[in-house]
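The lines below spell out each chain.
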Amino acid sequence: MKYIFIWIISILPALAVLIFLIILVLILRRRKKLLGTSQYRSASVQEILSEEIDIEPLRYGEAAFLRFLRERNVPAEMKLKVMTILEQDKTPKDIMLLKEALSSEIDEVRLLAFNALSKLEESISAKIEENLEKLEKTKDEKERALIKKDIASFYWEMIYFGITDEEIRSFIISEIERYTNEANQTLKDDPECLFLLSRIKLRKGEYEEAEKLMKRAIELGFIKERIVPYLAEVYYMKGEIHKVKELFNNFYHLRLDPTLNPIVELWSNCVYQKGQQS
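From a predicted model like this one, the values you see are computed outputs, not experimental measurements. (Residues numbered from 1 in each chain as written. Predicted model: local features only at pLDDT ≥ 70, side-chain atom pairs only at ≥ 80, totals over all residues. Heavy atoms only, no water.)

Trainee: Can you walk me through the overall build of the chain in this structure?
Mentor: When its secondary structure is counted, the chain shows 13 helices and zero strands. Going residue by residue from the N terminus, the α and β elements of the chain occur as α-α-α-α-α-α-α-α-α-α-α-α-α. For the chain, the proportion of its 278 residues judged to be buried stands at 33%. For the chain, the accessible surface area stands at approximately 18700 Å², while carbon and sulfur atoms represent 56% of it. (Helix = DSSP H or I, 4+ residues; strand = E, 2+ residues; numbered from the N terminus. Buried < 20%, exposed > 50% of the residue type's maximum accessible area, 1.4 Å probe, protein only. Areas by Shrake-Rupley, 256 points an atom, 1.4 Å probe, with all protein chains shown as cover.)

Pasting the structure below:
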């Protein structure tokens, strides 16, 4: 009897693990049954901006990807898989990593990076050319204004993704301002035009004008949550740290958004460091 008791005691840990695994499998099966099979679909820019759909954040940070690309002992197959992911997502951070990959010692990685960057630039340039041709054929003033707004947006993508050469960057920025201003004159205080202009002003260091445009865009119904991170940058650059704190206190829920949380944390840390120095 004594030996049976000892034997039971000895197998209890293994038995507990087995029971836990069985429960876990049952939970996962039930969850899969409840969720069903997901069907993916494309989403328009308007759906994304109006927050009618949820956006799944990236599973891996750019630091991990950068480490993969830089480490010499990482297998070439792994680096090629990373390149495939970057080519599909195409965020500004992905573009930065693709540029990093241009200096890779692996020919296939360099080629993939070059092709991805070339395709992106060619795609945006083609959209600009298409809209410029459409603009020449269009007579209606409102339609022309909407086309000009699209042209400005596509030019902004080149700045946003950082795929322009330093020599032509100032020209592209001036083109964005020109087309956006012309569109806004016809559309009469279009919030999207004002927001785009505000980002140009912010980039040029014209913080007072950027702030006015952002606030006006909000008054006209532009999504506040999209403007808050840029407005925080304006306040920070003007040295109005208390306004940054106040802004994030009023929009605390942004911390719960996985796509905006890194931006909120970035400016929160900047505010903290600034407060420690003063």
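Back to the write-up after that little detour.
Trainee: Hey, could you run me through helix H9 (residues 191-203) in this one?
Mentor: Structurally, the α-helix is built with 3.6 residues per turn, so residues lying three or four positions apart point the same way. Taking 1.5 Å per residue, 13 residues should reach 18 Å; H9 reaches 18 Å between its end C-alpha atoms and fits that length. Summarising burial for H9: eleven of the 13 residues are buried, a large majority. Three or more residues of H9 are buried, namely Pro191, Cys193, Leu194, Phe195, Leu196, Leu197, Ser198, Arg199, Ile200, Lys201 and Leu202. Buried residues along H9 sit in contact with helix H7 (141-160), helix H8 (166-187), helix H10 (207-219) and helix H11 (224-237). N-capping of H9 is provided by Asp190, with a side-chain oxygen placed 3.1 Å from the backbone N of Glu192. Phi turns positive, to about 85 degrees, at Gly205, one or two residues after H9. (Expected span 1.5 Å × (residues − 1). Contact = heavy atoms within 4.5 Å. Polar contact = N/O pair within 3.5 Å; in protein donor to acceptor, adjacent residues only side chain to side chain.)

Trainee: Help me understand a negative patch on the surface in this model?
Mentor: Taken together, Glu121, Glu122, Asp165 and Glu167 make up a surface patch of like negative charges. Position of Glu122 among the secondary structure elements: in helix H6 (residues 107-137). (Patch = residues over 30% accessible without salt bridge, like charges linked within 9 Å, V, L, I, M, F, W, Y side chains within 5 Å. Salt bridge = Lys/Arg side-chain N within 4 Å of Asp/Glu carboxyl O. Lys, Arg positive; Asp, Glu negative; His and termini not counted. Charge placed at Lys NZ, Arg CZ, Asp CG, Glu CD.)

Trainee: Can you help me understand the confidence of the model for the chain in this one?
Mentor: Fine structural detail should not be taken from predicted coordinates in areas where pLDDT scores are low. Here the chain shows a mean pLDDT of 75. Residues at 70 or above account for 58%. Within the chain, H10 carries the highest mean pLDDT (95), whereas helix H2 (residues 45-49) carries the lowest (42). Residue range residues 34-60 is modelled with pLDDT below 50. Its contacts to residues more than four positions away, or to other chains, number 18 contacts. (pLDDT = per-residue confidence, 0-100.)

Trainee: What's the story with H7 in this structure? I'm lost.
Mentor: A rise of 1.5 Å per residue sets the reference length of H7, with its 20 residues, at 28 Å; its end C-alpha atoms lie 28 Å apart and thus fit the reference within 8%. Buried residues of H7: Ala145, Ile147, Lys148, Lys149, Ile151, Ala152, Phe154, Tyr155, Trp156, Met158 and Ile159, and no others. At the N-terminal boundary of H7, the capping side chain belongs to Asp140, with an oxygen 3.2 Å from the backbone nitrogen of Lys142. Gly162 lies just past H7 and shows a positive phi near 70 degrees.

Trainee: Mind showing me how you'd approach the packing of H11 against helix H12 (residues 241-250) here?
Mentor: Pairs of packed helices are described in terms of their axes, by the angle between the two and the distance that separates them. At a minimum axis separation of 7 Å, H11 and H12 run at an interaxial angle of 160 degrees. Considering the angle they form, H11 stands roughly antiparallel to H12. Here H11 and H12 pass one another in a crossing that is left-handed. Of H12, the residues touching H11 (which contributes Val228, Leu231, Ala232, Tyr235 and Tyr236) are Ile241, Lys243, Val244, Leu247 and Phe248. Of the residues belonging to the contact of H11 with H12, the class tally is nine nonpolar, no polar and one charged. (Axes fitted to C-alpha atoms, helices over the stretch in contact; angles between N-to-C directions. Parallel < 35°, antiparallel > 145°, perpendicular 65-115°, else oblique. Left-handed = near helix turned anticlockwise from the far one by under 90°. Nonpolar A, V, L, I, M, F, W, Y, C, P; charged D, E, K, R; others polar.)

Trainee: Looking at this model, I keep getting lost on the side chain of Thr164. Mind explaining?
Mentor: Assignment of secondary structure puts Thr164 in the loop between H7 and H8. Not counting the four nearest positions on each side in its chain, Thr164 is found in contact with Met158, Ile159, Arg169 and Ile172.

Trainee: Is there a simple way to explain the packing of aromatic side chains in this structure?
Mentor: A ring pair, where both rings are aromatic, is described by two values, the distance of the centres and the angle of the planes. Throughout the structure, instances matching the rule amount to four aromatic pairs. Where Tyr160 meets Phe161, the ring centres are 5.3 Å apart and the plane angle is 65 degrees; that geometry is what we call edge-to-face. Here Phe161 falls in the buried class, since its relative accessible area comes to 13%. Measuring from centroid to centroid gives 4.7 Å for Phe195 and Phe222, while their planes differ by 35 degrees, and the two rings are tilted. On the criterion of sequence distance, the pair formed by Phe195 in helix H9 and Phe222 in the loop between H10 and H11 is long-range, its members being 27 residues apart. Following the ring pairs from residue to residue traces out a cluster consisting of Phe195, Phe222 and Tyr230. (Phe/Tyr/Trp six-rings, centres within 6.5 Å; stacked < 30°, edge-to-face > 60°.)

Trainee: What exactly am I supposed to notice about the nonpolar core here?
Mentor: Soluble globular proteins tend to pack their nonpolar side chains together in the buried interior. In terms of nonpolar packing, the biggest core is built from 28 residues, with Ile95, Ile124, Tyr155, Met158, Ile163 and Ile176 touching the most fellow members. For this core, the secondary structure elements donating two or more residues are helix H5 (92-101), H6, H7, H8 and H9. Judged by nonpolar contacts, the second largest core, of 21 residues, contains Val228, Tyr236, Ile241 and Phe248. (Core = buried A, V, L, I, M, F, W, Y, C linked by side-chain atoms within 4.5 Å.)

Trainee: Would you mind going over unusual backbone geometry with me for this structure?
Mentor: Note: most residues except glycine have negative phi, and most peptide bonds are trans. Positioned with a positive phi, Lys188 is a non-glycine residue whose angle comes to about 60 degrees. Within the secondary structure layout, Lys188 lies in the loop between H8 and H9. A relative accessible area of 63% means that Lys188 is categorised as exposed. One non-glycine residue with positive phi stands out, namely Asp189, at about 55 degrees. For Asp189, the location among the structural elements is in the loop between H8 and H9. A relative accessible area of 32% means that Asp189 is categorised as partly exposed.

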